[in-house]
Amino acid sequence: MIPEKTGPAAVIVLAAGAGTRMKSRTPKILHEIGGRSMVGHALLAARSINPQQLAIVVRHERDLVAERVSRLDPSALIVDQDDIPGTGRAVEAALQALDAEQQLTGTVVVTYGDVPLLSGALLAELVATHEREANAVTVLTAVLDDATGYGRILRGEDGTVTGIREHKDSSEAEQLIREVNSGIYAFDAAVLREALGKVTTENAQGEKYLTDVLGLAREAGGRVAAVVTADRWQVEGANDRVQLAALGAELNRRTVEAWMRAGVTVVDPATTWIDASVTLDEDVRLLPNIQLHGATTVARDAVVGPDTTLTDVTVGEGAKVVRTHGSGAVIGAGAAVGPFTYLRPGTVLGESGKIGAFYETKNVTIGRGSKLSHLGYAGDAEIGEDTNIGCGNITANYDGEKKHRTVIGSGVRTGSNTVFVAPVTVGDGAYSGAGAVIRKDVPAGALALSIAAQRNTEGWVPAHRPGTRSAELAQAATKDSSSTPASTEEGK
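- If you look the protein chain up in an unreviewed UniProt entry, it shows as Bifunctional protein GlmU from Arthrobacter nitrophenolicus.
- Here the protein chain is described in UniProt, under the heading Subcellular location (unreviewed entry), as follows: "Cytoplasm".

Below, the structure is given as structure tokens:
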């Protein structure tokens, strides 16, 4: 749901770059951290300040990026950058598209699709300062310990920004400046429109620079100022995989810390990864080496881990999930899962139920209090309440062409190594014997057996496996048996 449009006139997100340093077939801005693409983070930050309009400028892998943006934010205006290079031209194209229906007035914010840690709060501060001071341009800056490679902020005696000097063009004195340009701005729409009309490509790069707008705005009598952030991560972009990983680690550190402050116990923050979209309740306990992804939710007093990965999984209150890989599953309150368990999509485990060691489940509903304790597979099945599925049970649901369903009632007890050949139904309170192969429906309260007479072929091993250790032991055992007196009476 898009909030009421009470913020700036527009936010323009620049996302046209090729991102060649990523060395990837995936467009740079579609690479993910914290379970969300970089452009997804950028769009959320932009929307959080409630702009009247939102535009995103695309070019590289245009169709792929546009399709993703349309899914993330259907009302965002997608603008194509033409062959004229440069950030100035990108913003100009967006401004022309936004002006098409009605010319913008007020504040226009420019940000980027590859600055994923930028927060809505910092954007809101930028806009508030810009409008309170009636600036023509307000630039977001940061102070870095090492500013190598960044454009330096030049200030006048009154503290206003007089210009931005690129590192390669800066003097030795200017290179000592640690305040750098983030490339994120708030502009007065009229000033931006007029200045962009004057910006040329007559420079070494042959590009239309957005930074040229600052000098033109000052020449026209406008005030250019800055908002300085002490949080450099919010203005850091990702141009390669190394920077992407660093941003991902920092985002995760912040996410984990926020959850701990909200009442979640995280035993080992260094090995705990939580997507930005995950929801946790108070008194959840997260053990080492876990990853929580997507729309995963964990309710109060649940314990997850160690060594667990959950994607789009709902964990109920007081449940325990250990050494489990799960996706698209629901784990009921007080239920237990693991260790070494694989929950596939469509698994629904009822309250106080159990899926134990070395079990795989898929598209199965398991009733309250039912237990699938160890070494089995349950797929395309429905299991009632208070049923105990024995060790080594499987539902044989696939005939080579189609999947079929198994229905097992409540209060059922199945013997070890029972196979349910679907489609088949087992009634309430039924039992099965060990090794049963259930091919026909089992009535309620019935005992299902698959019994074949056991046949022992004596002497088979020595005859067919001569010289083996087994044959030697069998022969020794046979000899010892034949030499043992039949009874104590024989020895008298």
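1. Observations concerning the UniProt feature "active site" (unreviewed entry) in the protein chain
Then comes step 1: As annotated by UniProt and renumbered to match this structure, "active site" (unreviewed entry) occupies His-374.
Then comes step 2: For His-374, the contacting residues outside a window of four places in its chain are Ala-357, Tyr-359, Gly-390, Cys-391 and Gly-392.

2. Remarks on the pattern of salt bridges
Then comes step 1: By the definition in use, this model includes 28 salt bridges.
Then comes step 2: A salt bridge links Arg-62 to Asp-80; the nearest nitrogen and oxygen atoms lie 2.7 Å apart. On the criterion of sequence distance, the pair formed by Arg-62 in helix α2 (residues 62-72) and Asp-80 in strand β5 (residues 77-80) is long-range, its members being 18 residues apart.
Then comes step 3: Using a relative accessible area of 41% as the deciding quantity, one classes Asp-80 as partly exposed.
Then comes step 4: The partner of Glu-257 in a salt bridge is Arg-261, with the nearest N and O atoms 3.5 Å apart. Taken as a pair, Glu-257 and Arg-261 lie in helix α7 (residues 241-261) at a separation of four residues, close to a single helical turn.
Then comes step 5: Glu-257 sits in the partly exposed class, given a relative accessible area of 30%.
Then comes step 6: Looking at Arg-261, the relative accessible area reads 69%, which means it is exposed.

3. So, the UniProt feature "domain: MobA-like NTP transferase" (unreviewed entry) in the protein chain
Then comes step 1: Taking the numbering used here, the UniProt-annotated feature "domain: MobA-like NTP transferase" (unreviewed entry) corresponds to residues 11-141.
Then comes step 2: A distance of 18 Å separates the end C-alpha atoms of residues 11-141, which is 36% helix and 23% strand.

4. Some details on the pairing of strand β8 (residues 152-155)
Then comes step 1: Note that β8 and strand β9 (residues 161-165) share four bridges and pair antiparallel. Looking at β9, one finds that Leu-154 is bridged to Gly-163.
Then comes step 2: From the end of β8 to the start of β9, which pair antiparallel, there are five residues, and Gly-159 there has a positive phi angle of about 90 degrees.

5. Some words on the nonpolar core
Then comes step 1: Of all hydrophobic cores here, the largest spans 70 residues; its most connected members are Ile-12, Val-137, Leu-192, Leu-210 and Val-213.
Then comes step 2: The contacts of Val-137, once residues within four sequence positions are left out, are His-130, Tyr-185, Ala-186, Phe-187, Val-213, Leu-214, Ala-217, Arg-223, Val-224 and Ala-225.
Then comes step 3: In terms of nonpolar packing, the next biggest core, distinct from the first, is built from 44 residues, Ile-290, Val-337, Leu-372 and Ala-436 among them.

6. Let's talk about the pairing of strand β6 (residues 107-112)
Then comes step 1: Where burial is concerned, most of β6 is hidden: six out of the six residues are buried.
Then comes step 2: Side-chain alternation along β6 places Thr-107, Val-109 and Thr-111 on one buried face and Val-108, Val-110 and Tyr-112 on a second face that is also buried.
Then comes step 3: Where strand β1 (residues 10-15) and β6 come together, five bridges link them in parallel fashion. Bridge pairing in β6 places Val-13 opposite Thr-111.
Then comes step 4: Sheet topology places β6 next to strand β10 (residues 179-188); four bridges connect them, and they run antiparallel. Counterpart to Val-109 in the pairing with β10 is Ala-186.

7. Considering the environment of Ala-134
Then comes step 1: Along the chain, Ala-134 turns up in the loop between α4 (120-132) and β7 (137-143).
Then comes step 2: When its relative accessible area of 62% is taken as the criterion, Ala-134 is described as exposed.
Then comes step 3: With 306 residues separating them along the chain, Ala-134 and Lys-440 place their C-alpha atoms 81 Å apart.

8. As for helix α1 (residues 38-47)
Then comes step 1: α1 sits mainly inside the fold: nine of its ten residues count as buried.
Then comes step 2: Taken residue by residue, α1 has Met-38, Val-39, Gly-40, His-41, Ala-42, Leu-43, Ala-45, Ala-46 and Arg-47 as its buried positions.

9. Describing helix α3 (residues 87-99)
Then comes step 1: Taking 1.5 Å of rise per residue, the 13 residues of α3 would be expected to cover 18 Å, and the 18 Å separating its terminal C-alpha atoms lies within 8% of that figure.
Then comes step 2: Gly-88, Arg-89, Ala-90, Val-91, Glu-92, Ala-93, Ala-94, Leu-95, Leu-98 and Asp-99 are the residues of α3 that are buried.
Then comes step 3: Buried-residue contacts for α3 involve β1, β4 (53-58), β5, β6 and α5 (189-196).

10. Describing the domain arrangement of the protein chain
Then comes step 1: The assigned domain composition of the protein chain is domain 1 (10-234) and domain 2 (241-448).
Then comes step 2: Between the C-alpha centres of domain 1 and domain 2 there is a distance of 46 Å.
Then comes step 3: Contact residues are listed per partner, giving 16 residues for domain 1 and eleven residues for domain 2.
Then comes step 4: Counting across the interface, domain 1 meets domain 2 through one salt bridge.
Then comes step 5: Arg-254 is the partner of Asp-231 in a salt bridge, and the nearest nitrogen-oxygen pair spans 2.7 Å.
Then comes step 6: At the surface where domain 1 touches domain 2, the tally comes to five residue pairs in polar contact (both at pLDDT 80 or more).
Then comes step 7: Those elements giving two or more residues to the side of domain 1 that touches domain 2 turn out to be β2 (32-33) and α1.
Then comes step 8: When its residues are assigned to classes, the side of domain 1 that touches domain 2 shows six nonpolar, six polar and four charged.

The rules behind each value
- Residues numbered from 1 in each chain as written.
- Predicted model: local features only at pLDDT ≥ 70, side-chain atom pairs only at ≥ 80, totals over all residues.
- Heavy atoms only, no water.
- UniProt positions renumbered as here; feature names shortened; annotations may be inferred.
- Contact = heavy atoms within 4.5 Å.
- Salt bridge = Lys/Arg side-chain N within 4 Å of Asp/Glu carboxyl O.
- Helix = DSSP H or I, 4+ residues; strand = E, 2+ residues; numbered from the N terminus.
- Buried < 20%, exposed > 50% of the residue type's maximum accessible area, 1.4 Å probe, protein only.
- Pairing = 2+ DSSP bridges.
- Core = buried A, V, L, I, M, F, W, Y, C linked by side-chain atoms within 4.5 Å.
- Expected span 1.5 Å × (residues − 1).
- Domains from an automatic or database assignment.
- Polar contact = N/O pair within 3.5 Å; in protein donor to acceptor, adjacent residues only side chain to side chain.
- Nonpolar A, V, L, I, M, F, W, Y, C, P; charged D, E, K, R; others polar.

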